[in-house]
Protein chains: 2
Amino acid sequence: MKYTKEQKWERFQKYNFEFPSIGLAVDVSRMSVDDAFFDKLEPQLQKAYASMTALEGGAIANPDENRMVGHYWLRKPELSPTPDIRVEIQDNLKNMLDFAAKVHAGQIGGAGGKFKNFLLIGIGGSALGPQFVANALGDPRTDKIKPFFFDNTDPDGMDRVLAALGKELNQTLCVVVSKSGGTKETRNGMLIAKHAYEASGLDFGKHAVAITMKDSDLDKLAKTDNWVKRFPMWDWVGGRTSELSAVGLLPAALQGFDVKKILEGAAATDELTRSTQTKKNPAALLSLAWFLSGNGKVTKNMVVLPYKDRLELFSKYLQQLVMESLGKALNLDGKLVNQGITVLGNKGATDQHSYIQQLRDGLNDFFAVFIEVLKEGSGKTIFVEPDITSGDYLMGFYLGTREALFDNDRESITITVSEPSAYTVGSLIALFERAVGLYASLVNINAYHQPGVEAGKKAASDVMQLQKLILKALTENKGKLLTVDEIGKLTGKTENEWVYKICLHLSANQRGISQNRDSGQVKFGLV
Amino acid sequence: MKYTKEQKWERFQKYNFEFPSIGLAVDVSRMSVDDAFFDKLEPQLQKAYASMTALEGGAIANPDENRMVGHYWLRKPELSPTPDIRVEIQDNLKNMLDFAAKVHAGQIGGAGGKFKNFLLIGIGGSALGPQFVANALGDPRTDKIKPFFFDNTDPDGMDRVLAALGKELNQTLCVVVSKSGGTKETRNGMLIAKHAYEASGLDFGKHAVAITMKDSDLDKLAKTDNWVKRFPMWDWVGGRTSELSAVGLLPAALQGFDVKKILEGAAATDELTRSTQTKKNPAALLSLAWFLSGNGKVTKNMVVLPYKDRLELFSKYLQQLVMESLGKALNLDGKLVNQGITVLGNKGATDQHSYIQQLRDGLNDFFAVFIEVLKEGSGKTIFVEPDITSGDYLMGFYLGTREALFDNDRESITITVSEPSAYTVGSLIALFERAVGLYASLVNINAYHQPGVEAGKKAASDVMQLQKLILKALTENKGKLLTVDEIGKLTGKTENEWVYKICLHLSANQRGISQNRDSGQVKFGLV
């Protein structure tokens, strides 16, 4: 891939595709694409377009789980396969906007008056999108409500968030998000928040809304406890594609973002990426470039580098969207393929001072996806040198790094967007959702299930059960110090490694379990 | 790697190494290590220990740059190769602690009184460590000063930070950090901060301190403009190992952390990791496990998963420490090796809801490094089920995921630490610094230079020069619309692709350049 400057310019003119209708361009000229590759992939892409059409029409696109995949309907309800779904989407959007307007007007508030903060309690697909968008569009000068998050089951982490909220708990709205309504981390977060509200003499339900599927445990609880409101999630929206459902749009509306513009950006990008002409379809171009980089069995990492502080969390969002969708053991024919694309990256120019050394000189095991934002934002123009601003430098560092990588045989894609706006955020989300869908079709996998996550959850639940057995055994032997093998035997299980780990954890946290190593052997007991 | 539960427990007892003196354990039982591998690597490890001894004694360990590598002296100045260096380290620590104490007491303050915030302006090694530590130890209940960061050259990003500081600029201390004193992003950030202070009628110098090498441009500026104070950086401390120099310790002291405990944790870990008995050296165990995972030519990604919110930024910190140190084209004999270990990860259990699907089922191209923190923190114990806390779940999810990965042939290391404390933070930093040094020796590379980053900086500087030529050409042709080829020709250069990109960026940002596509061809002009 050694090209002269003239050849680079020629390739750019040929393989940089601009989509002025949505203010976006996809440049694959720094990938080793050529016309022959476009031709070669065309039949597979045509199949991919057809499968996306079927999916959007309501076909069961997630065969294992026997589910429709309907996130595209969220931004164009007219496409819904049934009138019921269409009306539900439309009504829910109206309800959310009404709700946010009432919160902003103070018609709905907390015990301390108008809501100043929201605390979103969710994890994975119920937090990554909201966090990305809160950071991409948030601004202390314009935010109507400040966002806070519980996105884990770490009690210390939650304590810290509660401390930051401080005395404003009575002006904080909890938004509890769990599609299934049974996610343990979210349940735990909700219980800890509830405890904090009650410790402050507040009625939790009067400060909480739920986003969940109808009749889930969370839905029932919110109903019984008279929470402020319940918003629906649907079976046909997957967690990692739920940002444009209530999961993402309610927090966005609360923070004061233009939710309709987000939807508009996504809808326009959906429209464009339905094109069956590959060079007129930015999502197809992305999926084609990904396919190229690993020859369909991608073993290359994707390093996502937005040159924009606001987009710093996009790579975290994409880690879920891309890796959970594409990281699959089996293909649709049941053949073992171990697919996947690993996503990493934070933001440019910052990351150049972190790991560009390895990208340029070390393992050539990646391709970069640069995101260039043309319009800098609303601030004043401050010159740092004659004719040069700080934002010019940001562009210069992007161009310089792209060049230094390419000249050392490292490939990259550039996505250029006009401005850091609500429209762009919707557009980027829709672009990658479609690229993932098309790519999955190219490599013949189901992008909409996640069979690999159950084993870890099951094992975690076994650990919790074992802890109960250990506590029972130690209680029955109160005052005695026992070896791990002895405790293991009392539990009737064979997981002695877990027994040791659990006892170590309990003894470190004032749970009445003490640890003794005097005999040269570790022993635990309830004292 | 299919083991019974009994075999797992046996392996754990054999290959989990506990270091009670520093409250840390390294478990490599879930890597495919065996005694034969330890034996095989022993001669190489002995060479690695010897090279670390030479390095700590002041040998030129960075031959390209003819520099000593002295970050180990920072936590044990007695080890310094000369009395001058020893005294400098000791004096500087005393100066920093004095300075922080005066700031906390209000003896040193801003135009608006006592400093309530600091704004650290730095990038890469001058920001990643401070950001990691600020988040690891920070707490709204105990922080003496609130931390803010400019870590990029994005003007919009900086505007947002300034907006968050709002009217408290007169109580905000700027800490400008650049070892060389010539980093453009930091220079730009400093100029933008200065502009904001002056726009508020404040004397910037009275609200700023510098951390930089003696006589650097930044040092001279700070001296001329009478900044509050200047703290030294030294030639023999690399950016990515500078966290325990003024770069990291001054912000830590300002935020109110126990800086001496951080140093103590690092010093004790240094002491332990000087052991030439591999099984008594936690850093050697780490480097051995890394080596194993890729057979010395590591092509596996390292997924860092601390099960602790406070440690979420550790993987970002490690991206620089590991990738910039190990991502090298040539080995010390000048042979092309393209080494490196790619680092990614955020935190558990959160990431389980993001990409564990791919880790378990997709590409087996990684090993995980779990970080387990035994003591949960200072909060109240809240039970989410009988006998079970939210923190128990955090442990359960770690154990469950480790199990689910291992049972599907995915390897992991676990580092267990006692508590999330200043001591632990120092210890973890020292542990990985040493592991990187030892690993570099195992694969025979220079871990202390970064020859690959210059090309991108040089190209960025060429872009800035080209922009000046373009603006000159357009000014001389004011009122005319020109094609990219025409503008390129006027600059006398051949980078037309850059010409197009620069013009696009200028025209998007009200810089007097307009864009016209009426003729079907894009033209730019100064109007």
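Please refer to the structure placed before this passage.
An account of the accompanying structure is given in this report. (Residues numbered from 1 in each chain as written. Chains lettered and ligands numbered in written order. Predicted model: local features only at pLDDT ≥ 70, side-chain atom pairs only at ≥ 80, totals over all residues. Heavy atoms only, no water.)

Thoughts on the overall build of chain A
- For chain A, the helix and strand inventory stands at 17 helices and 20 strands.
- The C-alpha atoms of chain A give a radius of gyration of 26 Å, which matches the 24 Å a tight globule of 527 residues would have.
- Dimensions of chain A, computed from C-alpha atoms along their principal axes, come out at roughly 80 × 60 × 55 Å.
- Considering chain A as a whole, with its 527 residues, one finds that 64% of them fall into the buried category.
- Sequence-distant contacts, at least 24 apart, represent 72% of the contacts inside chain A between residues at least 6 apart.
- Per element, the accessible surface of chain A, about 18,400 Å² overall, is 50% carbon and sulfur.
- Here chain A contributes 63 positive and 62 negative side-chain charges, whose respective centroids are spaced 4 Å apart. (Helix = DSSP H or I, 4+ residues; strand = E, 2+ residues; numbered from the N terminus. Rg over C-alpha atoms; globule rule 2.2 N^0.38 Å. Buried < 20%, exposed > 50% of the residue type's maximum accessible area, 1.4 Å probe, protein only. Contact = heavy atoms within 4.5 Å. Areas by Shrake-Rupley, 256 points an atom, 1.4 Å probe, with all protein chains shown as cover. Lys, Arg positive; Asp, Glu negative; His and termini not counted. Charge placed at Lys NZ, Arg CZ, Asp CG, Glu CD.)

Here we look at the packing of aromatic side chains
Residues and elements named next belong to chain A.
- Tallied over the entire structure, the rule returns 48 aromatic pairs over all chains.
- Site record: aromatic cluster; members linked through ring pairs are Phe132, Trp290, Phe291, Phe314, Tyr317, Phe432 and Tyr439.
- Geometry around phenylalanine 38 places lysine 279 over its ring, the cationic atom sitting 4.7 Å from the centre.
- Seen from the ring of tyrosine 72, arginine 434 lies directly overhead, with NZ or CZ sitting 4.2 Å from the centre. (Phe/Tyr/Trp six-rings, centres within 6.5 Å; stacked < 30°, edge-to-face > 60°. Lys NZ or Arg CZ within 6 Å of the ring centre and 35° of its normal.)

Structural notes on the environment of valine 337 of chain B
Residue and element names in this part refer to chain B.
- With respect to the secondary-structure elements, valine 337 resides in the loop between helix H11 (314–326) and strand S13 (343–344).
- Overall, the relative accessible area of 16% leaves valine 337 in the buried class.
- Along the primary structure valine 337 and glycine 327 are separated by 10 residues, whereas in three dimensions their C-alpha atoms are 9.7 Å apart.
- Each residue touching valine 337, except ones within four places of it in the same chain, is listed here: Lys297, Lys328, Ala329, Leu330, Asn331 and Ile445.

A few points about the side chain of lysine 8 of chain A
- Within the fold, lysine 8 of chain A resides in helix H1 (residues 5–15).
- Excluding residues that lie within four positions of it along the chain, lysine 8 of chain A makes contacts with Tyr3, Arg30, Glu403, Phe406 and Asp407 of chain A together with Glu497 of chain B.

Observations concerning the pairing of strand S17 (residues 412–417) of chain B
Residue and element names in this part refer to chain B.
- Counting buried positions along S17 yields 6 of 6 residues, so the element is predominantly enclosed.
- Relative to S17, strand S2 (residues 24–27) runs antiparallel, the two sharing 4 bridges. Following the sheet pairing, aspartate 27 is matched in S17 by threonine 414.
- As defined by bridge partners, strand S14 (residues 366–373) adjoins S17 across 6 bridges and the pair is classed as parallel. Note that in S17 the partner of alanine 368 across the bridge is serine 412. (Pairing = 2+ DSSP bridges.)

Looking at the sheet that holds strand S18 (residues 482–483) of chain A
Residues and elements named next belong to chain A.
- The strand order S18-S20-S19 describes an open sheet built from 3 strands, whose pairing is antiparallel. With partners counted over all chains shown, the strands left at the sheet margins are S18 and strand S19 (513–516), one partner each.
- With 4 bridges joining them, S19 and strand S20 (residues 523–526) adopt antiparallel strand pairing. Within S20, the residue paired with glutamine 515 across the bridge is phenylalanine 524.

Considerations on the relation of the copies chain B and chain A
- When chain B is fitted to chain A, the residual RMSD is 0.0 Å, and the transformation amounts to a turn of 180° plus an axial shift of 0.0 Å. Classification of the inter-copy transformation places it as that of a two-fold axis. Measuring from the rotation axis to each C-alpha of chain B, the shortest distance belongs to leucine 344 of chain B, at 3.0 Å. (Least-squares fit on C-alpha atoms with pLDDT ≥ 70 in both.)

Some words on the pattern of salt bridges
- Applying the stated rule across the entire model yields 83 salt bridges over all chains.
- Residue glutamate 497 of chain B is joined to arginine 30 of chain A by a salt bridge in which the shortest nitrogen-to-oxygen separation is 2.8 Å. In this pair, glutamate 497 of chain B is assigned in helix H17 (residues 496–508) and arginine 30 of chain A in the loop between strand S2 (24–27) and helix H2 (35–56), connecting two distinct chains. Each member of the pair, glutamate 497 of chain B as well as arginine 30 of chain A, is classed as buried.
- Among the salt bridges present, the one from aspartate 156 of chain B reaches lysine 308 of chain A, with a minimum N-O distance of 3.7 Å. Residue aspartate 156 of chain B is found in helix H5 (residues 155–165), and its partner lysine 308 of chain A is found in the loop between strand S12 (301–306) and helix H11 (314–326); the two belong to separate chains. (Salt bridge = Lys/Arg side-chain N within 4 Å of Asp/Glu carboxyl O.)

A word on the environment of leucine 330 of chain B
Residues and elements named next belong to chain B.
- Residue placement: leucine 330 occurs in the loop between H11 and S13.
- A relative accessible area of 45% places leucine 330 in the partly exposed class.
- C-alpha of leucine 330 to C-alpha of asparagine 444: the two residues are 114 residues apart in sequence and 9.3 Å apart in space.

Comments concerning the environment of isoleucine 413 of chain B
All names here are of chain B.
- Residue placement: isoleucine 413 occurs in strand S17.
- On a C-alpha basis, the gap between isoleucine 413 and cysteine 174 in space is 40 Å, while along the polypeptide they are 239 residues apart.
- Setting aside its immediate chain neighbours within four residues, isoleucine 413 contacts Val26, Asp27, Val28, Met31, Leu286, Ala289, Trp290, Phe367, Ala368, Val369 and Phe370.

Remarks on helix H8 (residues 246–255) of chain A
Residues and elements named next belong to chain A.
- For H8, the tally of buried residues reaches 10 of 10 residues, placing the bulk of the element in the interior.
- Listed in full, the buried residues belonging to H8 are Ala246, Val247, Gly248, Leu249, Leu250, Pro251, Ala252, Ala253, Leu254 and Gln255.
- Just beyond H8, the residue with positive phi is glycine 256, at close to 105°.

Considering the interface of chain B and chain A
- Chain B puts 142 residues into the contact, and the matching count from chain A is 142 residues.
- Surface buried jointly by chain B and chain A totals about 12,400 Å² across both partners, of which 56% is contributed by carbon and sulfur atoms.
- In this structure, the connection of chain B to chain A is made through 26 salt bridges.
- Ionic pairing is found between lysine 468 of chain B and glutamate 385 of chain A, a salt bridge with its closest N-O pair at 3.6 Å.
- Take the side of chain B that touches chain A: its biggest share by element is 15 residues, from helix H13 (residues 390–406) of chain B.
- Class assignment of the residues belonging to the side of chain B that touches chain A gives a composition of 48 nonpolar, 49 polar and 45 charged. (Buried area = accessible area lost by both parts, 1.4 Å probe. Nonpolar A, V, L, I, M, F, W, Y, C, P; charged D, E, K, R; others polar.)

Details of the pairing of strand S8 (residues 146–150) of chain A
Residues and elements named next belong to chain A.
- Bridging between strand S7 (residues 117–121) and S8 involves 5 bridges; their strand directions are parallel. Residue pairing for S8: asparagine 117 is matched across the bridge by lysine 146.
- At this point the chain moves from S7, through helix H4 (residues 128–137), to the parallel S8, and the crossover so formed is right-handed. (Right-handed = clockwise from strand over helix to strand, strands pointing away.)

So, the sheet that holds strand S10 (residues 208–213) of chain A
All names here are of chain A.
- Read across the open sheet, the 5 strands follow the order S8-S7-S9-S10-S11; overall the sheet is parallel. Edge strands, defined here as strands with exactly one partner in the open sheet, are S8 and strand S11 (229–233). Pairwise comparison of adjacent strand axes, ignoring direction, gives a mean angle of 20° for this sheet.
- Its contacts with the sheet put helix H6 (residues 184–199) on S7, S8 and strand S9 (172–177), and the angle it makes with S9 is roughly 160°. (Axes fitted to C-alpha atoms, helices over the stretch in contact; angles between N-to-C directions.)

Some details on the packing of helix H8 (residues 246–255) of chain B against helix H9 (residues 259–272) of chain B
All names here are of chain B.
- Contact geometry of H8 with H9 gives a least axis separation of 9 Å together with a crossing angle of 140°. When the interaxial angle is binned, H8 and H9 end up oblique. Across from Leu249, Ala252 and Ala253 in H8, the residues of H9 making contact are Val259, Ile262 and Leu263.
- When the residues that make up the contact of H8 with H9 are grouped by side-chain class, the tally is 6 nonpolar, no polar and no charged. (Parallel < 35°, antiparallel > 145°, perpendicular 65-115°, else oblique.)

Topic: the side chain of threonine 269 of chain A
- Looking at the element boundaries, threonine 269 of chain A is found in helix H9 (residues 259–272).
- Residue threonine 269 of chain A is classed as buried on the basis of its relative accessible area, which comes to 0%.

Structural notes on unusual backbone geometry
All names here are of chain A.
- Omega for the bond connecting glycine 348 with alanine 349 falls within 30 degrees of zero, at -5°, which places this linkage in the cis form.
- Inspection of the secondary structure assignment puts alanine 349 in the loop between strand S13 (343–344) and helix H12 (356–361).
- Of note in this structure, asparagine 226 is not a glycine but carries a positive phi near 55°.
- Mapped onto the elements, asparagine 226 comes out in the loop between helix H7 (217–224) and S11.

Describing H17 of chain B
- Its 13 residues place the ends of H17 of chain B 18 Å apart at the C-alpha level, agreeing with the 18 Å of an ideal helix rising 1.5 Å per residue.
- Once H17 of chain B finishes, glutamine 510 of chain B follows within two positions and takes phi at roughly 45°, a positive value. (Expected span 1.5 Å × (residues − 1).)

With respect to the packing of helix H4 (residues 128–137) of chain B against H8 of chain B
Residue and element names in this part refer to chain B.
- Look at H4 against H8: their axes get within 9 Å of each other, and the N-to-C directions meet at 30°. Comparing their axes, H8 and H4 come out roughly parallel. Note on packing geometry: the crossing formed by H4 with H8 is right-handed. Taking contact as the criterion, the partners of Pro130, Val133 and Ala134 in H4 are, on H8, Val247, Gly248, Pro251, Ala252 and Gln255.
- Taken together, the residues of the contact of H4 with H8 break down into 6 nonpolar, 2 polar and no charged. (Left-handed = near helix turned anticlockwise from the far one by under 90°.)

In short, shape yes, function no, at least from these values alone.
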